[in-house]
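Topology and contacts: notes
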Amino acid sequence: MHFLTLAMNILSNEYVSNVPNHARIAPGGPANFARELSGFVTEHGHTWTGIIHQGTTEGSKTVIRQVATVGKKSYAYCEYPFAHVDAFLQSTKKIDPRVWFTPQIECIREYIRRVQPDLLFLNGFSVYAWILLEAANQEGLPIAIQHAGISQVEFEQYKDLFSHVGRMGMLQMERDVVDAATRQVFLNDYSRRAFCARVARVPKAKAAIIPLPYQKTYTATRPAHRAKTQDPNRIVVGCVARWDRIKNHEAILRLAKEIKSQGLAWNMKCVTKIPVTAKKQRFKKAYANAIDVIPHMAPDELRNFYDSVDLMVLPSHFDVSPTVVMEAALQGKGTLISPTVGWVSEYKEAGMADWVIDFTDPKRVISRIRKLCSKPLPTRFQKRIKATHAPKKVFAAYLRLFASVT
């Protein structure tokens, strides 16, 4: 490919789980994506420089510490006082983030001058991502960002955790991306339209749609989705969702309770991690009693999890492009989603409109699950995923995008 002739050094926000020899399992899609993309980038002769934010409770300075280098991949921790960020988010007076975060911005600017990246790729948005964005912008570095979600939606869900001024400041910081980023990647047209409606209009020249890739682990041959022949009344309903308000675990519990109320011989199990905190203890206890809660697992184990269920559910309040839908489909298992999940358009194109439902009425959801478990998952959807979301195709599109801005 002609765009691979000139080697690039790509700076990106990274995750602790991707540091070589680190034992932690990737907490979600963005970390897995970063690992796969960095592998493709370095295999094609480029350099990947990952910088991981580490909020600390000790010390008052921001420092960047190199922690690992393997081949063309290097990883560093950006350590800064967590209280400094928290004070911004809890402020009752308007603060200019460019002034407030000057210590972090200047530290990263110095790091950029030292490692000489050709561009900054932001894998999602956060306070830390904005700090990287601002530092790169001040250094005149080209910037590309993948909108893995919309912070405006998340901040609405968690608005009780921040002051009104702090939340407004964060929303403005997300709008800053439109002006600062050279190219903005959306995972599908659903997410692009949602971002333009909720955050700010993105000029067509700056926007690109590149879907998420599937992981190769999930492409092994699996039997087509079908009801269990030994007892069609015993249905196993699965879910994979981090413990997040966006994921709508309340709807999952309502469904589990209705299953029990109807005396059905069904089982619900969810791969998640319930945080051990004082918040919502009654809800957490009820959830753990009604649903088999399974710890986060590596892809190979997750593949077996998909095999163990008849059908998946994902009632998220808002989800741009959850990879679990794709992973399950590649194992021949369908996912019943809410209308606010970004796969809606691809479902409709594959003739899967009946796999979309509002989860407010659990009785109706149970009726739909019965119907869906009696027929196979449309093969068109699996074929579309394999064609559109193939890793080589997706990552090659990113390299072309990176080359176009440097």
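For clarity, every value in this text was computed on a predicted model and none was experimentally measured.

Observations regarding the overall build of the protein
Helix and strand content of the protein: 16 helices and 13 strands. For the C-alpha atoms alone, the extent of the protein along its principal axes is close to 65 × 50 × 40 Å. The 406 residues of the protein split such that 55% are buried. Long-range pairs, those at least 24 residues apart, make up 70% of the contacts in the protein with a sequence separation of at least 6. Summed over all atoms, the accessible surface of the protein reaches about 18300 Å², with 52% contributed by carbon and sulfur. For the protein, the distance from the average position of its 56 positive side-chain charges to the average position of its 35 negative side-chain charges is 5 Å.

Some points on the nonpolar core
Val313, Leu336, Ile369 and Phe402 are the most contacted members of the largest nonpolar core, which totals 96 residues. The element best represented in this core is helix α16 (residues 391–405), accounting for nine residues.

A look at the sheet that holds strand β5 (residues 119–123)
Either a parallel or an antiparallel arrangement is found when strands of a sheet pair, and the pairing is made through backbone hydrogen bonds. With mixed pairing, the eight strands of this open sheet are ordered in space as β3-β4-β2-β1-β5-β6-β7-β8. In this open sheet, the two strands that pair with only one neighbour each are β3 (63–70) and β8 (207–209). Ignoring which end each strand starts from, the neighbouring axes of this sheet average 25° apart. With nine bridges connecting them, strand β2 (residues 47–56) and strand β4 (residues 73–81) associate as parallel partners. Within β4, the residue paired with Thr49 across the bridge is Ser74. Where helix α1 (residues 29–43) meets the sheet, its contacts fall on β1 (9–13), β2, β4, β5 and β6 (143–147), and the angle it forms with β2 comes to roughly 150°.

As for the confidence of the model for the protein
When pLDDT is averaged across the protein, the result is 89; 94% of the residues are at 70 or more. Segment residues 224–230: pLDDT under 50, and 19 contacts once partners within four positions in sequence are set aside and those in other chains are kept.

A closer look at α1
Taking 1.5 Å of rise per residue, the 15 residues of α1 would be expected to cover 21 Å, and the 21 Å separating its terminal C-alpha atoms lies within 8% of that figure. Those residues of α1 that sit buried are Ala31, Asn32, Phe33, Ala34, Leu37, Ser38, Gly39, Phe40, Val41 and Thr42. Among the structural elements, β1, β2, β4, β5, β6 and α16 are those in contact with the buried residues of α1. Of the residues flanking the end of α1, it is Gly45, one or two places downstream, whose phi is positive at about 90°.

Parameters and conventions
Residues numbered from 1 in each chain as written. Predicted model: local features only at pLDDT ≥ 70, side-chain atom pairs only at ≥ 80, totals over all residues. Heavy atoms only, no water. Helix = DSSP H or I, 4+ residues; strand = E, 2+ residues; numbered from the N terminus. Buried < 20%, exposed > 50% of the residue type's maximum accessible area, 1.4 Å probe, protein only. Contact = heavy atoms within 4.5 Å. Areas by Shrake-Rupley, 256 points an atom, 1.4 Å probe, with all protein chains shown as cover. Lys, Arg positive; Asp, Glu negative; His and termini not counted. Charge placed at Lys NZ, Arg CZ, Asp CG, Glu CD. Core = buried A, V, L, I, M, F, W, Y, C linked by side-chain atoms within 4.5 Å. Pairing = 2+ DSSP bridges. Axes fitted to C-alpha atoms, helices over the stretch in contact; angles between N-to-C directions. pLDDT = per-residue confidence, 0-100. Expected span 1.5 Å × (residues − 1).

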